[in-house]
Amino acid sequence: MLIYALLYLTGYPDMTLDQVKGFRQWGKITAGHPEYGHVSGVETTTGPLGQGIGNAVGFAIAEESLRARFGARIMDHHTYVIAGDGCLMEGVSHEAIGLAGKQRLSRLILMWDNNGITIDGKVSIADVTDQKARFAASGWDVFDCDGHDPDDIDRALTAAKASPGPAMIACKTHIALGSSAQDTAKGHGALTDPKLISDTKSAYGWPHGAFEVPAAIKSSWEATGRRGAATRAAWETRLDALAQGKRAEFQRIFAGDVPAKLSATIRAVKKQAVSDMAKLATRAASEKVLSAINPVMSETIGGSADLTGSNNTKTADLGIFTPEDRKGRYIHFGIREHGMAAAMNGMALHGGLRPYGGTFMCFTDYARPSMRLSALMAVPVIYVMTHDSIGLGEDGPTHQPVEHLAISRATPNTLVFRPADLVEVAESWEIALGERHRPSVIALSRQNLPAVRAAHTAQNMVARGAYVLAEATARRQVILIATGSEVEIALNARALLEAEGIGTRVVSMPSMELFAAQDEAWRKRVLPAGPVRIAIEAGVRQGWDRWLLGERGREAKAGFIGMSSFGASAPYDRLYREFGITAEAAVAKAKALL
């Protein structure tokens with residue numbers, strides 16, 4: 001409610017008094033937790049505690065990166081974040097403050113609302129952490145102030161702005177100050193008793209009724225809201241004075257437009273891939289694509305959660321983002337998947353950067369809360385998730401994702417790609433980079449895979465979601481649908497079935513979401529009624545029944561070859577045999593269903 005009240009008082013046009021009165025009601029923009037994209041002036045969605053700290057680190061990284069590129073006359077701001085006791089208890093806070101301390105983000109200022117109260121009661125019933133010592137140990141400069149004294153707050157902020165590293169201000173406060181609920185857990189949300197409200201107003205000397213704001217006070221607040229207009233106008237003048245090319249580039253990256261060269265760059269990668277027909281892991285294919293993309297997309301900024309050599313997310317031209325080199329475009333996030341994802345959300349929200357970050361697909365579990373917020377906020381963060389199945393082999397079931405594709409696909413407003421070869425990888429990246437309002441998860445293999453797209457086409461077939469990769473030569477009786485590393489298995493099964501006179505079509509389905517978005521005519525063309533349908537994917541079945549049983553399919557003529565348990569530790573080819581994900585198993589299932 002605090003941010004809604006301030007937006008109304010300072011004159012934001014969409015935050016009317018009627019909207020404030022409709023707090024948490026259907027059809028109002030004043031949701032229980034402020035949501036990015038719904039309300040002007042709300043810069044991020046931070047309902048889950050600790051996310052705002054991670055986002056703020058991303059905002060501060062974006063400011064440093066863009067200042068190094070465009071100069072302080074164009075990019076020069078501080079990032080402020082208010083955090084409560086609960087925010088600092090969440091694990092993501094430690095990941096975020098460690099990253100900020102390492103990067104010496106001197107324009108990041110965190111104000112800790114140190115009131116010692118959580119929903120269950122006093123902080124001391126659950127925590128004994130010395131937060132100031134924790135921040136200091138993580139490389140932050142630490143300050144104190146009386147959180148109810150404007151002069152003392154100003155003193156601390158002035159000192160924090162001058163500090164050489166990220167700054168934490170411990171603001172000692174009393175929750176529900178002046179009410180009978182002061183310094184108790186009731187101060188969190190139980191302030192609805194009429195007598196409590198009346199007594200609190202009396203304590204503040206406020207005689208006015210509910211939602212009554214005297215004109216003079218409203219006018220004063222609105223003047224505060226207009227105070228930045230001159231600064232903004234001066235900035236726009238400096239932006240207009242930039243060289244035309246540099247100004248156009250600044251405007252392009254903040255508009256989220258891809259460069260004109262991207263399409264030709266992707267086509268060149270595809271042509272070369274078809275010419276070479278090389279066998280390589282799709283994670284290695286992704287590195288090849290990034291090596292072509294990063295030089296023409298100056299706004300990309302990549303990273304990995306301590307798995308750079310495995311995720312293949314770093315290309316030679318990027319350089320490392322450090323306190324000594326802010327022009328570097330690659331971030332070593334450390335073993336901080338959650339902090340990485342939260343920071344990438346912040347970078348995307350700031351604008352001017354297109355962040356992508358990698359880890360193992362299994363460790364999307366560690367990043368899940370921030371990945372969900374990427375989707376909820378509709379920001380186009382790209383998650384490069386390698387080692388995407390039991391195909392990673394010997395590391396075993398702790399590292400082998402089985403349910404993770406289904407989890408990612410179940411998340412609303414998320415694009416999931418599981419490409420089969422270099423051509424599909426290139427097309428997946430082209431789509432992900434062109435997205436404005438959806439995050440993307442690109443699932444990539446550890447093991448080498450054969451090239452499956454043997455003919456070049458300028459059309460982006462991944463954009464169709466699914467397409468016919470290999471047609472039946474005999475009368476079509478079977479359709480094999482596969483993704484990623486299992487497309488090879490489907491093609492091998494097709495060869496065996498065709499050799500026996502059983503006409504078999506292979507459909508590659510790199511993106512279920514994009515296929516679902518196609519018109520009925522395309523979906524019917526790819527998945528017509530009649531033939532047996534078998535899906536092949538080294539993951540769980542959840543999500544596949546729409547394509548097996550729906551879309552003109554029938555249960556009696558549908559089968560799935562994949563995982564129904566966790567994996568095991570062994571070489572990947574042995575695992576595929578032991579779990580029955582083979583061409584021979586597909587052939588046997590097809591014959592049984594015919």
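Our subject is the structure that appears above.
Being a predicted model, the structure only gives us computed values, none of them experimental.

The next point concerns the packing of aromatic side chains. The tally for this structure, following the rule as stated, stands at nine aromatic pairs. Both rings, one in Phe70 and one in Phe250, keep their centres 5.1 Å apart while their planes meet at 85°; by these two values the pair is edge-to-face. On the criterion of sequence distance, the pair formed by Phe70 in helix H3 (residues 51-70) and Phe250 in helix H11 (residues 244-255) is long-range, its members being 180 residues apart. Ring centres of Phe250 and Phe254 lie 4.7 Å apart, and the angle between their planes is 35°; this geometry places the pair in the tilted category. Linking Phe250 with Phe254, this pair stays in helix H11, spanning four residues, or about one helical turn. Owing to a relative accessible area of 31%, Phe254 belongs among the partly exposed residues under this scheme. Among the aromatic side chains, those forming a connected cluster through ring pairs are Phe70, Trp235, Phe250 and Phe254. Looking at Lys218, its charged tip hangs above the ring of Tyr8, at a distance of 4.6 Å from the centre.

Note that soluble globular proteins tend to have their nonpolar side chains buried in a common cluster. Counting 58 residues, the largest nonpolar core has Ile61, Leu108, Leu110 and Met347 as its most contacted members. The element best represented in this core is H3, accounting for nine residues. Core analysis: the second largest hydrophobic core is formed by 50 residues, Ala406, Met461, Ala470 and Phe515 among them.

Time to look at unusual backbone geometry. A positive phi angle is found at His387, which is not glycine, with a value near 55°. Considering the arrangement of structural elements, one finds His387 in the loop between strand S10 (382-386) and helix H17 (404-410). Look at His387 and you get buried, because its relative accessible area is 4%. We note that Glu551 has phi near 50°; this positive angle belongs to a residue other than glycine. Of note, Glu551 is situated in the loop between helix H22 (545-548) and strand S17 (558-561). The buried category is assigned to Glu551, whose relative accessible area is 14%.

Tallying each qualifying case throughout the model produces 31 salt bridges. Here Glu427 ties to Lys270 by a salt bridge, and the two come within 2.8 Å at their closest N and O atoms. Here Glu427, found in helix H18 (residues 422-434), pairs with Lys270, found in helix H12 (residues 261-276); they are 157 residues apart in sequence, far enough to count as distant. The residues Glu427 and Lys270 share a single accessibility class, namely buried. With its nearest N and O atoms 2.8 Å apart, the salt bridge here joins Glu537 to Arg409. In this pair, Glu537 sits in the loop between strand S16 (532-536) and H22 while Arg409 sits in helix H17, placing the two residues 128 residues apart along the sequence. Assessed through its relative accessible area of 1%, Glu537 is described here as buried. One salt-bridge network, held together by shared partners, links Glu63, Glu64, Arg67, Asp76, Arg107 and Arg326.

Moving on: helix H16 (residues 364-377). Counted at 1.5 Å a residue, the expected span for H16 with its 14 residues is 20 Å, and the 18 Å between its end C-alpha atoms agrees. Ser370 marks where H16 bends most, by close to 40°. Taken together, the buried positions of H16 are Thr364, Ala367, Arg368, Ser370, Met371, Leu373, Ser374, Ala375 and Met377. Immediately beyond the C-terminal end of H16, within one or two residues, lies Ala378, with a positive phi of roughly 60°.

Here we take up the sheet that holds strand S5 (residues 141-146). Strand order in the open sheet formed by four strands is S1-S2-S6-S5, and the pairing between neighbours is parallel. Because the sheet does not close on itself, it has two edges, and the strands there are strand S1 (79-84) and S5. Recorded for the sheet is a direction-independent mean angle of 20° between the axes of neighbouring strands. Relative to strand S6 (residues 167-172), S5 runs parallel, the two sharing six bridges. Residue pairing across strands places Asp141 opposite Ala167, the latter belonging to S6. Contacting S1, strand S2 (108-114), S5 and S6, helix H7 (residues 150-161) runs over the sheet at an angle of about 170° to S5.

Take the pairing of strand S15 (residues 503-508) next. For S15, the tally of buried residues reaches six of six residues, placing the bulk of the element in the interior. Residues Gly503, Arg505 and Val507 of S15 are buried on one face, and the alternating residues Thr504, Val506 and Ser508, pointing to the opposite face, are buried as well. In the sheet, strand S13 (residues 467-470) pairs with S15 via three bridges, with the strands oriented antiparallel. Across the sheet, residue Ala470 finds its bridge partner in S15, namely Val506. Examined bridge by bridge, strand S14 (residues 476-482) and S15 share six bridges and lie parallel to one another. In the strand pairing of S15, Val478 is matched with Thr504. A crossover links S14 with its parallel partner S15, the connecting element being helix H19 (residues 486-499), and its sense is right-handed.

It is worth spelling out the sheet that holds strand S9 (residues 354-360) at this point. Read across the open sheet, the six strands follow the order S8-S7-S9-S10-S12-S11; overall the sheet is parallel. This sheet does not close on itself; its edge strands, each paired only once, are strand S8 (330-332) and strand S11 (415-417). If you compare each strand with its neighbour and ignore which way they point, the axes differ by 20° on average. Pairing between S10 and strand S12 (residues 440-443): four bridges, direction parallel. Within S12, the position partnered with Met385 by the bridge is Ala443.

Thresholds applied
Residues numbered from 1 in each chain as written. Predicted model: local features only at pLDDT ≥ 70, side-chain atom pairs only at ≥ 80, totals over all residues. Heavy atoms only, no water. Phe/Tyr/Trp six-rings, centres within 6.5 Å; stacked < 30°, edge-to-face > 60°. Helix = DSSP H or I, 4+ residues; strand = E, 2+ residues; numbered from the N terminus. Buried < 20%, exposed > 50% of the residue type's maximum accessible area, 1.4 Å probe, protein only. Lys NZ or Arg CZ within 6 Å of the ring centre and 35° of its normal. Core = buried A, V, L, I, M, F, W, Y, C linked by side-chain atoms within 4.5 Å. Salt bridge = Lys/Arg side-chain N within 4 Å of Asp/Glu carboxyl O. Expected span 1.5 Å × (residues − 1). Bend = angle between axes of the 7 residues up to and from the residue. Pairing = 2+ DSSP bridges. Axes fitted to C-alpha atoms, helices over the stretch in contact; angles between N-to-C directions. Contact = heavy atoms within 4.5 Å. Right-handed = clockwise from strand over helix to strand, strands pointing away.

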